[in-house]
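Close look at the chain arrangement
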Amino acid sequence: MKTEENNLILKAQGGDSEAENDLLKAYSPLVKRIARSYYAIGADGDDLIQSGMIGLMNAVRKFDVQNGTASFKTYASTCIHNMIKTVLRKQNTITKNNTPLSEIIDLPSDINLERGYEEKETERLLTDAISSVLNEREMNVLKLYLSAMSYQEISDKLGIEKKKVDNTIYSFRKKIKKLINRDELF
């Protein structure tokens, strides 16, 4: 299997688009799984998957088959995570700078302001609901996690062990999932 995969990678790196498509198709479930792990209020899941696919394409193009220190899957996972984090950091920077959306993209003249208001209101209600089920540490870790900080960066910032960060993320994911699955969320 590994030899077949390495041959596909070499073909893709040589410009064989069919080999590249085969690899992208084979690893798209990995991209989707990783993208889902970046639960973020306001982040579009399709955007995260698309960013992950770009990370996968970069992995295909840059993987050193001869190196052998890491499997392609491990290398690809790292590239996918890094690309998604980069995109989230850029989105966070745009938000922090309060750059008007109209300066970032061309808004259509018939934009529906009511829809924007409804989305903001839904986001506020969801944020309030999440705040009601998480404790203070979970909220602090969640905010830093959503700003695309690594576990180590969160650990350093909050002065808690990296394992505690991991446990806290597991805990708030479980609570949020349970909250979202309730019928009476709003």
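Computed from a predicted model, the values in this text were never measured in an experiment.

The next subject is the overall build of the protein. The helix and strand tally for the protein stands at nine helices and zero strands. Here the protein, with 186 residues, has 29% of them falling under the buried criterion. For the protein, the proportion of contacts with a sequence separation of at least 24, taken over those separated by at least 6, is 65%. Element-wise, carbon and sulfur atoms account for 50% of the exposed surface of the protein, whose accessible area totals about 12400 Å².

Taken as a whole and assessed by the stated rule, the structure comprises five aromatic pairs. Aromatic side chains Phe 63 and Phe 72 sit 5.3 Å apart centroid to centroid with 80° between the ring planes, which places their arrangement in the edge-to-face category. Comparing Phe 63 with Phe 72 shows no difference in burial state: the two are buried. Ring plane angle 50° and centroid distance 5.5 Å describe the contact between Phe 63 and Tyr 75, whose orientation is recorded as tilted.

Here we take up the pattern of salt bridges. Counted by the stated rule, this structure contains three salt bridges. Among the ionic pairs, Glu 20 bridges to Arg 61, the shortest N-O distance being 3.3 Å. With Glu 20 in helix α2 (residues 17-36) and Arg 61 in helix α3 (residues 45-62), the pair connects residues that are 41 residues apart, well separated along the chain. Residue class for Arg 61 comes out partly exposed when judged on its relative accessible area of 47%. Between Lys 163 and Asp 166 there is a salt bridge whose closest N-O contact spans 3.5 Å.

Before going further, it helps to examine the environment of Ala 35. By secondary structure assignment, the location of Ala 35 is in helix α2. Along the primary structure Ala 35 and Asp 46 are separated by eleven residues, whereas in three dimensions their C-alpha atoms are 8.7 Å apart. Here Ala 35 is in contact with Leu 48, Ile 49 and Ile 84, once residues within four sequence places are set aside.

Think of an α-helix as turning once every 3.6 residues; residues three or four places apart then point the same way. The end-to-end C-alpha separation of helix α9 (residues 162-181) is 29 Å, in line with the 28 Å expected for 20 residues at 1.5 Å each. Val 165, Thr 168, Ile 169, Phe 172, Ile 176 and Leu 179 are the residues of α9 that are buried. Buried residues along α9 cover an arc of 100° about the axis, so they all sit on one side. Of the exposed residues in α9, those oriented more than 90 degrees away from the buried face are Lys 163, Tyr 170, Lys 174, Lys 177, Lys 178 and Asn 181.

What follows deals with the confidence of the model for the protein. Chain-level pLDDT for the protein is 77 on average; 76% of the residues reach the 70-or-more range. Within the protein, the element-level pLDDT minimum falls on helix α5 (residues 101-104), averaging 40, and the maximum on helix α8 (residues 151-158), averaging 91. Every residue in residues 94-114 scores below 50 in pLDDT, and together they form five contacts with partners more than four places removed in sequence or on other chains.

Turning our eyes to something else, we now look at the nonpolar core. Grouped together as the largest cluster of nonpolar side chains are 24 residues, with contacts concentrated most on Leu 56, Phe 72, Ile 80 and Ile 84. Of all the secondary-structure elements, those providing two or more residues to this core are α1 (2-13), α2, α3 and α4 (72-97). Once you skip the residues sitting within four places of it in the chain, Phe 72 turns out to touch Glu 5, Ile 9, Tyr 27, Leu 56, Ala 59, Val 60 and Phe 63. Counting 15 residues, the second largest nonpolar core, distinct from the first, contains Ala 129, Ile 130, Leu 142 and Ile 154.

Conventions used here
- All residue numbers refer to position in the chain's written sequence, counted from 1.
- In keeping with the model being predicted, local features are shown solely for residues with a pLDDT of at least 70 and side-chain atom pairs are shown and tallied solely at 80 or more, while totals for entire chains, interfaces and linings include all residues.
- Hydrogens and waters are ignored; side-chain quantities use all the structure's heavy atoms.
- Labels follow the DSSP assignment, with helices taken as runs of H or I lasting at least four residues and strands as runs of E lasting at least two, numbered in each case from the N terminus.
- Exposed residues in this analysis have more than 50% of their type's maximum accessible area, buried residues have under 20%, and partly exposed residues fall in between, with area computed by a 1.4 Å probe over protein chains only.
- Residues are treated as being in contact if the distance between any of their heavy atoms lies within 4.5 Å.
- A 1.4 Å probe and the Shrake-Rupley method give the accessible areas. Residues count as covered only by the protein chains that appear here.
- Aromatic contacts are taken between Phe, Tyr and Trp rings whose centres are within 6.5 Å, Trp giving its six-membered ring; a plane angle under 30 degrees counts as stacked, one over 60 as edge-to-face, and the others as tilted.
- Any Lys or Arg side-chain nitrogen located within 4 Å of an Asp or Glu carboxyl oxygen qualifies as a salt bridge.
- Each helix should span, by expectation, one fewer than its residue count multiplied by 1.5 Å.
- Read the arc as the range of directions from the helix axis to the C-beta atoms.
- Looking at any residue, its pLDDT shows the predictor's confidence there, from 0 to 100.
- Residues belong to a common nonpolar core when they are buried Ala, Val, Leu, Ile, Met, Phe, Trp, Tyr or Cys residues joined through side-chain atoms within 4.5 Å.

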